[in-house]
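Spelled out, the chains give:
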Amino acid sequence: MSAPLLEIRDLHKSFGSVEVLKGVDCTVQAGEVISIIGSSGSGKTTMLRCVNMLEDFEGGSIRIDGEEIGYLTDGGRRRRKPEREIARQRALTGMAFQQFNLFPHMTALENVMLGLTLVKKMPADAARATAEGWLDRVGLLNRKDHRPSKLSGGQLQRVAIARAIAMSPRLMLFDEVTSALDPELVAEVLQVITDLARDGMTMLIVTHEMRFAFDVSNRVIFMNQGRIGEEGDPKTMFANPSTERLAEFLKNSRFS
Amino acid sequence: MGYTLNFSAVWRSFDDLLFGLGLSLLLAVLSIGIGCLIGLVLAFGQTARQPLLRAPAGLYVTVFRNTPLLVLVLISFFTLPQLGLRLSKTNSFVLALSLYSGAYLAEVFRGGLLGVPKGLREAGLAIGLTEGQIRRRIILPIMLRAVLPALGSTFIGLFKDTSLAAAIAVPELTFEARKINVESFRVVETWLVASALYVGTCSILAALLRRVEARLSLAG
């Protein structure tokens, strides 16, 4: 087996006195598509946010391609890396959010171009070409000059995914990307993610869409009270959950 | 008993009024310009995560927003020379109005910053932008659009506040009007014309700001 793309070791994270992650271990190989499921408050979103340092964490380590994310240890003391270094490391991953978070004062194209020009230092015309290419991939090239206020929820999320993926991240993080969408807009977003998965993009997907998790992932992680409750390939897991907690969760999510 | 309006004395000195209006505008532009810079720094300071930045910014706003502008003008003109800082009348007024407007504008900007959704910062971080880049390219432009209506009222208020410069004999519009009043005794005519100039200028300013607002609207 090759060196893992992502390696999470004994991850601990608290908000005040509430411990949200109580020692999570997780290894992801390049090309894997992993869905993270579990009830609200189980820690799945927090785990995702630790991977790109949107949350600081107190214990454990996260490595991408062997490179330690966010912290360095010298003389036995753990310190947060300088902001610039963390910004560079964040660009190793791309993230799509539940609330899309498109920049409202920029067109779809400008949203996708911003990171290319500011972070990747691409010249404007190269950035434009790359951005247009990705907007085309998500089927929105004809909407490139529209502001977010003129786009539907599904279109917003597709632009947001294009914005993240245009940075050519090593790993894509999806944080409940369909939870804020009207039901009839969910399919177009899941289709885009499915296409990217087929292209071999490595992904961590936090989702409540059980059917989608079942169809798209090589592996499913079930988070339960800040720990990984169970993990495995979706067919086995969904058919024969080995813990009562997962069985109950699947029953309540009405997966059939 | 009738009072016959006679504007001839005012029209004879109308150039002085226009010159005064010009100086009023210049005072306002300079002070508001400097005030905006002060206000931006303070607003980011007041909304910073570090208490060490929040405290001094808060103290500044408390002091300068709660001192009457006339008192600041008098301190700036009469007290600072005692401390070794001698400024011209005009400069000392610009200093006072800048410091004062900085406090008001800080509150306007702070309100705008609180309204920028947190998720936008995170989206910026997620594509690898630094905090500085996020402030300049995302938060500032969105905040400025949000505060434009409030900013318009503040600008107009500050422009009218330039009339207090008359207290230290800066020859702006109110000072010139008072001179004409004293020289001609045409009390009603002089102040009617001076008020009309203030109202006209403010209306033009308001219309301009509304056009900027419409152009930059995020709904478009």
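Our subject in this report is the structure included herewith. Please read these numbers as outputs of a predicted model, since none were measured by experiment. (Residues numbered from 1 in each chain as written. Chains lettered and ligands numbered in written order. Predicted model: local features only at pLDDT ≥ 70, side-chain atom pairs only at ≥ 80, totals over all residues. Heavy atoms only, no water.)

**Some words on the sheet that holds strand 2 (residues 18–28) of chain A**
All names here are of chain A.
- The antiparallel open sheet is built from four strands, whose spatial order is 2-1-4-5. Here the strands that pair on one side only, and so sit at the sheet edges, are strand 2 and strand 5 (67–68).
- Both strand 4 (residues 59–64) and strand 5 contribute to a ladder of two bridges, which runs antiparallel. For Arg63, the partnering residue across the bridge sits in strand 5 and is Glu68.
- Helix-sheet contacts for helix 1 (residues 44–51) involve strand 1 (6–15), strand 2 and strand 4, and the interaxial angle to strand 1 is about 115 degrees. (Pairing = 2+ DSSP bridges. Helix = DSSP H or I, 4+ residues; strand = E, 2+ residues; numbered from the N terminus. Contact = heavy atoms within 4.5 Å. Axes fitted to C-alpha atoms, helices over the stretch in contact; angles between N-to-C directions.)

**Some details on the interface of chain B and chain A**
- Each partner contributes to the interface: chain B provides 22 residues, whereas chain A provides 26 residues.
- Buried surface at the junction of chain B and chain A, summed over both partners, amounts to about 2,100 Å²; 63% is from carbon and sulfur atoms.
- Where chain B packs against chain A, one counts one salt bridge.
- A:Arg49 is paired through a salt bridge with B:Glu122; the nearest N and O atoms lie 2.7 Å apart.
- For the pair chain B and chain A, the interface holds four residue pairs in polar contact (both at pLDDT 80 or more).
- Taken together, the elements giving at least two residues each to the side of chain B that touches chain A come down to helix 6 (118–126) and helix 7 (131–161) of chain B.
- Broken down by class, the residue content of the side of chain B that touches chain A amounts to 11 nonpolar, seven polar and four charged. (Buried area = accessible area lost by both parts, 1.4 Å probe. Salt bridge = Lys/Arg side-chain N within 4 Å of Asp/Glu carboxyl O. Polar contact = N/O pair within 3.5 Å; in protein donor to acceptor, adjacent residues only side chain to side chain. Nonpolar A, V, L, I, M, F, W, Y, C, P; charged D, E, K, R; others polar.)

**Remarks on a positive patch on the surface**
- On the surface, A:Arg84, A:Lys121, B:Arg135, B:Arg136 and B:Arg137 cluster together into a patch of positive charge.
- Among the elements that line the positive patch, the one with the most residues is helix 7 of chain B, at three residues. (Patch = residues over 30% accessible without salt bridge, like charges linked within 9 Å, V, L, I, M, F, W, Y side chains within 5 Å. Areas by Shrake-Rupley, 256 points an atom, 1.4 Å probe, with all protein chains shown as cover. Lys, Arg positive; Asp, Glu negative; His and termini not counted. Charge placed at Lys NZ, Arg CZ, Asp CG, Glu CD.)

**Thoughts on the packing of helix 8 (residues 173–184) of chain B against helix 9 (residues 187–216) of chain B**
Residue and element names in this part refer to chain B.
- The N-to-C vectors of helix 8 and helix 9 enclose an angle of 165 degrees; their axes lie 9 Å apart at closest approach. Regarding the angle of helix 8 to helix 9, the classification is roughly antiparallel. Handedness of the crossing formed by helix 8 with helix 9: right-handed. On the side of helix 8, the interface is formed by Leu173, Thr174, Ala177, Arg178, Ile180, Asn181 and Ser184, while helix 9 contributes Val187, Thr190, Trp191, Ala194, Leu197 and Tyr198. (Parallel < 35°, antiparallel > 145°, perpendicular 65-115°, else oblique. Left-handed = near helix turned anticlockwise from the far one by under 90°.)

Everything listed is a geometric property; what it means functionally is a separate question.
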